[in-house]
Amino acid sequence: MTSATATGRDGTTVLGHTGQLPGSLLDHVLRQSFGLEGYVQHPLGGEVDQNVRITGDDGMRYFVRVTRAEPDSADVLWQNSLLQHLASTVPDLPVPRLVPTREGKFLAALVHEGRTHVVRVMSWIEGRVLAELDDHPAVLLRQLGEAAGG
């Protein structure tokens, strides 16, 4: 999670800025940019990004990642290109798939409290969220490593 303070580009500290988008603003972006309306937000853990699972009345779920970055950020572009590469080269691999905006892009950008945020929507993969587990047994971590090809 992000802290209650943030450092601006000029080096000043912005008190009370968590780096997270309010739920109502996220709803607006999801509706306007991705055409997703009426979804309930379920916040997920995250060290840097704001991660949210959204669930619709029809049971459809998506993973939403909000990153405080510019749309052309190397990190964002790398993550998106990796997901697109996996989708095209190993389509049976169970990894999230990027959901395009109404304009066919794989992200929406907006400025909130003077900071640029990138919103990406991905398919939801059913299962337990690792951050919700109280214990991370060695066997589980080994299985994750094997699944990741390590």
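What this report covers is the structure whose coordinates are included nearby. Worth saying up front: this structure is predicted, and the values here are computed from it rather than measured.

## Structural notes on the pattern of salt bridges
Point 1. Applying the stated criterion across every chain yields a total of 3 salt bridges.
Point 2. A salt bridge links Asp49 to Arg65; its shortest N-O distance comes to 3.3 Å. Highlighted residues: Asp49 in the loop between β3 (40-44) and β4 (50-55) and Arg65 in strand β5 (residues 61-67), separated in sequence by 16 residues.
Point 3. For Asp49, a relative accessible area of 14% translates into the label buried.
Point 4. Judged by its relative accessible area of 21%, Arg65 is partly exposed.
Point 5. The closest approach of N and O atoms between Arg61 and Glu126, which form a salt bridge, is 3.2 Å. Taken together, the residues span a long stretch of sequence, with Arg61 in strand β5 and Glu126 in the loop between β8 (115-123) and α3 (138-147) at a distance of 65 residues.
Point 6. Judged by relative accessible area, Arg61 falls into the partly exposed class, the value being 29%.

## Re the pairing of strand β7 (residues 108-112)
Side chains on a regular strand alternate between the two faces of the sheet.
Point 1. Side chains of β7 alternate between two faces, with Ala108, Leu110 and His112 buried and Ala109 and Val111 left unburied.
Point 2. Where β7 meets β8, 5 bridges bridge the pair, whose relative direction is antiparallel. Considered in β8, the bridge of Leu110 is made with His117.
Point 3. Count of turn residues in the β7/β8 antiparallel hairpin: 2 residues, of which Glu113 carries a positive phi of about 55°.

## A word on helix α1 (residues 23-34)
Point 1. Look at α1: 15 Å from first C-alpha to last across 12 residues, which is about the 16 Å you get at 1.5 Å a residue.
Point 2. Of all the residues in α1, the buried ones are Leu26, Val29, Leu30 and Phe34. Seen end-on, α1 carries its buried residues on one side only, within an arc spanning 100°.
Point 3. Check the buried side of α1 and you find it contacts β3, β4, β5, β6 (98-99), β7 and β8.
Point 4. Looking one or two places after α1, you find Gly35, whose phi comes out positive at around 70°.

## Quick look at the packing of aromatic side chains
Point 1. This structure, assessed with the given rule, holds 1 aromatic pair.
Point 2. Here Arg53 stacks its cationic end above the ring of Trp124, 5.4 Å away from the centre of that ring.

## A look at the side chain of Asp49
Point 1. Polar side-chain contacts of Asp49 include one of 3.3 Å to the side chain of Arg65.
Point 2. At 3.1 Å, the side chain of Asp49 forms a polar contact with the side chain of Thr67.
Point 3. Contacts of Asp49, omitting those with residues within four sequence positions, involve Arg65, Val66 and Thr67.

Conventions adopted
Residues numbered from 1 in each chain as written. Predicted model: local features only at pLDDT ≥ 70, side-chain atom pairs only at ≥ 80, totals over all residues. Heavy atoms only, no water. Salt bridge = Lys/Arg side-chain N within 4 Å of Asp/Glu carboxyl O. Helix = DSSP H or I, 4+ residues; strand = E, 2+ residues; numbered from the N terminus. Buried < 20%, exposed > 50% of the residue type's maximum accessible area, 1.4 Å probe, protein only. Pairing = 2+ DSSP bridges. Expected span 1.5 Å × (residues − 1). Arc of directions from axis to C-beta. Contact = heavy atoms within 4.5 Å. Phe/Tyr/Trp six-rings, centres within 6.5 Å; stacked < 30°, edge-to-face > 60°. Lys NZ or Arg CZ within 6 Å of the ring centre and 35° of its normal. Polar contact = N/O pair within 3.5 Å; in protein donor to acceptor, adjacent residues only side chain to side chain.

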